[in-house]
Amino acid sequence: MKDVEMKMLERAKALLESGEVARVIGWKKGDFCFDPAPASFETVEELDNFVYDYFCGANLSKYLIQMSKKEGKTAVFLKPCDTYSFNQLVKEHRIKRENVYVIAVECMAKLDIEKIKAKGISMVESVEVVGKEVKVTSAYGVETLYKPDVVLTKCATCTKTHQVKDEEIILHERPARDVDRFEEVAKLEAMTADERFAFWREQLSKCIRCNACRNVCPACSCVKCVFDNPASGIAAKANDDKFEEQLFHVIRAFHVAGRCTDCGECSRVCPQNIPLHLLNRKFIKDIDNLYGEYQAGETDEGKTPLTSYTEGDAEPNDVMNGEAK
Amino acid sequence: MQEVTTEKKEFTPNIVAFCCNWCSYAGADLAGSSRLTYPANVKIIRVPCSCRVNPMFILKAFQQGADGVILCGCHPGDCHYVTGNYYTRRRMSLLFSFLSYMGIEKERTRVEWVSAAEGARFSAVMNDFVKTVTELGENKRLTDLRIKEGK
Amino acid sequence: MLKIAKERLNELYAKINESMGLFIPIKRAGEVNYAVWGEGKEVSLETLKTVKSPKNMFFPQTENMMQFKTEGKNIEIVDIREEYKELRPFVLFGVKACDYKAIEVLDKVFLADPVDTYYQNRREATTIVTLACSRPEESCFCGVFGIDATAPTGDVTTWLDGEYLYWQVNTEKGKALTALVKDLLTEGGEKEVASQQETTKTVLEKLPFANLDLSRFKPENLNELFEAKEWEEMSEACLGCGTCTFVCPTCQCFDIRDIKTNEGVLRYRCWDSCMYSDFTQMAGGNNRTTQLQRFRQRFMHKLVYYPSQNDGLYSCVGCGRCVNKCPQKLNIVKVIKTLGGKNND
């Protein structure tokens, strides 16, 4: 990963120096090895704090809504999954494509510090990844973890490849993977309604309505959200009421249905670790089954499943009774 | 055993029916003028097209105390605005399947196509839906207790 | 000092629960938060940081305030506080030193004139049992605010090691609670506690944030800090979500709203966040229109505005929840380091 970072830094410097771009969006170093924050760099000096490592999990594409409206071009480093969100935002005319210079960078699956800490490790000082081994050095000693156990949930089932690039920085080819991202959804579907209700009740009762899932979501790009509009009659903010929790998550999941690229940011940012991606994946799975396989963000044009139809579409009642194919 | 039956009989569900102005709303009219009956606890909300109904309407209906929500539109191909109900069909398939995924009883929601000429069908559909929801009982999973009980 | 064997803690909880409510860190769906204890619940005292802080117990995320019942042209106002008059006393168990200090911060807001009686009712009905930390982590920096994580106060202070929970009474309320469970407690433990405190202190001194310098954050520097150009860079990646405010043990802002019910109107309050676009929105609009302004408000409040009104008491206690939970890894430590002068480099 260090070699990728060097290459990225080199390109960022060259682009800024030549004046080809006015700013570069990437990550800057935090206080620890595991808390890099998204940042924009406007000068070569600022790049001293530039970093790219196994903890750069944030999807930078949503920042481009604002950045692409600024004067001058913006260069951005996008991981494979981020490029889908980028395409989707271009498609919805939220990003000015001509103002953005996309550098596709390899990902190699990012790590989740919470999962590392959950293994009982605290006071983490450094983390090193070699193949499938993660060596964590802490004040209490060195421990070696199995990488698939501590990657971000969104990375665990990812098979995405770069969909958009003006140039690419890929130094290690990633092996193709055979994973089923709908496994957990299918497990829930196989439960009884009572069991499913109990599962979601327990999960959603943790919700603190912080809106992190909404604010981080690249598909949630409304200028004013219905939940922020007091005139809509829906009280937003901190209503940790049983109904409001369901209302918020149902409406949010539906609103991004057909546009959600499954980038998994919602689950990454949830402070209570609610598996929010399982809501969006249900829609994706249903869409795939009923209207043909569809991956949002694969292109930056065309219609989505919810803005198109065929005359022979399945009937809702058949879908509910499990008779539709 | 006796007690349980009486209790069930007493329960009259609140049903909200979103009806398209051009078909099922007129269908309800026809049912009325043909002296066909459907339960009085079906509250009809007239909409310009079934595709005007967004998921928020349906959830709000449940919030305000509905025990079942039914959406009626023109038969596919007969939409007054040519294609509106095709979109409804996709949206509601996905939404209702999703609500069921969250553990909401799937019998509480339904979509039916009822034309302006189908007064008898309108009455039959409503009778059947009310019967289903009555058997299912009160909506407890998707309801707002603050509104229901005032606290 | 008293003690109780770790495996008998459940008996202690059950005993308390007989006559008082018991709120304690409980693991549910994978996360640990304060919740009502009951037989079979998974208590997790070892968890250093619950996701939500215990402020929820006095200042719930949503709380009903009053009801307006309408009948014809008559409106009847129902004061919900009447119900609280017979509020069952409860015990808040396992509060860490930082969270206990946070309650002091909240008290200054809610118990100052005019007293918030909703808060006061709950506060007075509570006996607080604190728990000393024995394994602080890298995001902890309570020491910076003069808090001793190894010796929190409260009505009763406890320490936990591999075998025992040690128990020290501090107040009258604590005495009453101890009397209730005295059959379960035995004498002893001074030596063990002292040795645990010593070990923990060596860890605390070495924490990465142990030496943050707050000296620049004082009322005299208000204008200078407010105008600092660094706010732009610091707030750039902020999503404007409310995670930091809702996991924070000292954030105290709330909004009051009405909801129409079948019985009339219900007035309630809910936590609000200065990170939100509709925070303190008035008929004339909003006085903070950019995320930079909102971001600045939060940290200026914690480090400058609040201390200037409360004899220099900061409204941050260094619990480090925002350090762990911010989706984009922005937090108060980064602000202190950026604006706090060169001692923080």
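(A) The overall build of chain C, seen in detail. When helices and strands are tallied, chain C shows 12 helices and 12 strands. Computed over the C-alpha atoms, the radius of gyration of chain C is 22 Å, within 12% of the 20 Å expected from 2.2 N^0.38 for a compact globule of 345 residues. Overall, the C-alpha framework of chain C stretches about 65 × 65 × 40 Å when taken along its three principal axes. Of all 345 residues assigned to chain C, the portion counted as buried reaches 42%. Contacts in chain C between residues far apart in sequence, at least 24 positions, make up 70% of those at least 6 positions apart.

(B) Main features of the packing of helix H2 (residues 24–33) of chain B against helix H5 (residues 119–136) of chain B. All names here are of chain B. For the pair H2 and H5, the least separation of the axes is 7 Å and the interaxial angle reads 95°. Compared by their axis directions, H2 and H5 come out roughly perpendicular. Taking contact as the criterion, the partners of Ser24, Gly27, Ala28, Leu30 and Ala31 in H2 are, on H5, Gly119, Phe122 and Ser123. A class-by-class count of the residues in the contact of H2 with H5 yields 4 nonpolar, 4 polar and no charged.

(C) Geometry of the environment of Lys182 of chain C. Residue and element names in this part refer to chain C. Secondary-structure assignment places Lys182 in the loop between helix H5 (172–181) and strand E10 (186–187). Residue Lys182 is classed as exposed on the basis of its C-beta count, with 11 C-beta atoms lying within 10 Å. C-alpha separation for the pair Lys182 and Gln328, spaced 146 residues apart in sequence, amounts to 48 Å.

(D) A look at the pairing of strand E1 (residues 23–28) of chain A. Residue and element names in this part refer to chain A. Across the 6 residues of E1, 5 count as buried, placing the element largely inside the fold. Pairing geometry for E1 and strand E3 (residues 74–78), over 3 bridges, is parallel. Considered in E3, the bridge of Ile25 is made with Val76. As defined by bridge partners, E1 adjoins strand E2 (residues 37–41) across 5 bridges and the pair is classed as antiparallel. Residue pairing in the sheet places Trp27 in a bridge with Pro38 of E2.

(E) Representation of the packing of helix H12 (residues 277–291) of chain A against helix H4 (residues 84–101) of chain B in the model. Where H12 of chain A contacts H4 of chain B, the two axes come as close as 10 Å, and the packing angle between them is 130°. In terms of orientation, H12 of chain A and H4 of chain B fall into the oblique class. Crossing of H12 of chain A over H4 of chain B shows right-handed handedness. When H12 of chain A is examined against H4 of chain B, the residues Lys282, Phe283, Asp286 and Leu290 of chain A are found in contact with a partner set consisting of Ser93, Leu94, Ser97, Phe98 and Tyr101 of chain B. Class assignment for the residues of the contact of H12 of chain A with H4 of chain B results in 5 nonpolar, 2 polar and 2 charged.

(F) Spotlight on the domain arrangement of chain C. Residue and element names in this part refer to chain C. Domain boundaries assigned for chain C yield domain 1 (2–206) and domain 2 (219–344). Taking the mean C-alpha position of each, domain 1 and domain 2 sit 25 Å from one another. Secondary structure elements with two or more residues in the side of domain 1 that touches domain 2: strand E4 (62–71) and helix H3 (97–110). If one sorts the elements of the side of domain 1 that touches domain 2 by residue count, E4 sits on top with 9 residues. The class makeup of the residues in the side of domain 1 that touches domain 2 is 16 nonpolar, 7 polar and 8 charged.

(G) Broad picture of H4 of chain B. All names here are of chain B. The end-to-end C-alpha distance of H4 is 26 Å, a good match for the 26 Å that 18 residues give at a rise of 1.5 Å each. Summarising burial for H4: 14 of the 18 residues are buried, a large majority. Backbone geometry just after H4 places Gly103 at a positive phi near 95°.

(H) Representation of unusual backbone geometry in the model. With an omega dihedral of -5°, the bond running from Asp113 of chain C to Pro114 of chain C counts as a cis peptide bond. Note on placement: Pro114 of chain C falls in the loop between H3 and helix H4 (117–124). Its identity is not glycine, yet Arg209 of chain A carries a phi of approximately 50°, on the positive side. Its location among the elements puts Arg209 of chain A in the loop between helix H8 (193–204) and helix H9 (212–216). On the basis of neighbour count, Arg209 of chain A is assigned to the buried category, with 25 C-beta atoms found within 10 Å. Backbone geometry at Asn273 of chain A places phi at a positive 50°, although glycine is not the residue there. If you trace the backbone, Asn273 of chain A turns up in the loop between helix H11 (265–269) and H12.

What counts and what doesn't
Residues numbered from 1 in each chain as written. Chains lettered and ligands numbered in written order. Predicted model: local features only at pLDDT ≥ 70, side-chain atom pairs only at ≥ 80, totals over all residues. Helix = DSSP H or I, 4+ residues; strand = E, 2+ residues; numbered from the N terminus. Rg over C-alpha atoms; globule rule 2.2 N^0.38 Å. Buried ≥ 20, exposed ≤ 12 C-beta atoms within 10 Å, placed from the backbone. Contact = placed C-beta atoms within 7 Å. Axes fitted to C-alpha atoms, helices over the stretch in contact; angles between N-to-C directions. Parallel < 35°, antiparallel > 145°, perpendicular 65-115°, else oblique. Nonpolar A, V, L, I, M, F, W, Y, C, P; charged D, E, K, R; others polar. Pairing = 2+ DSSP bridges. Left-handed = near helix turned anticlockwise from the far one by under 90°. Domains from an automatic or database assignment. Expected span 1.5 Å × (residues − 1).

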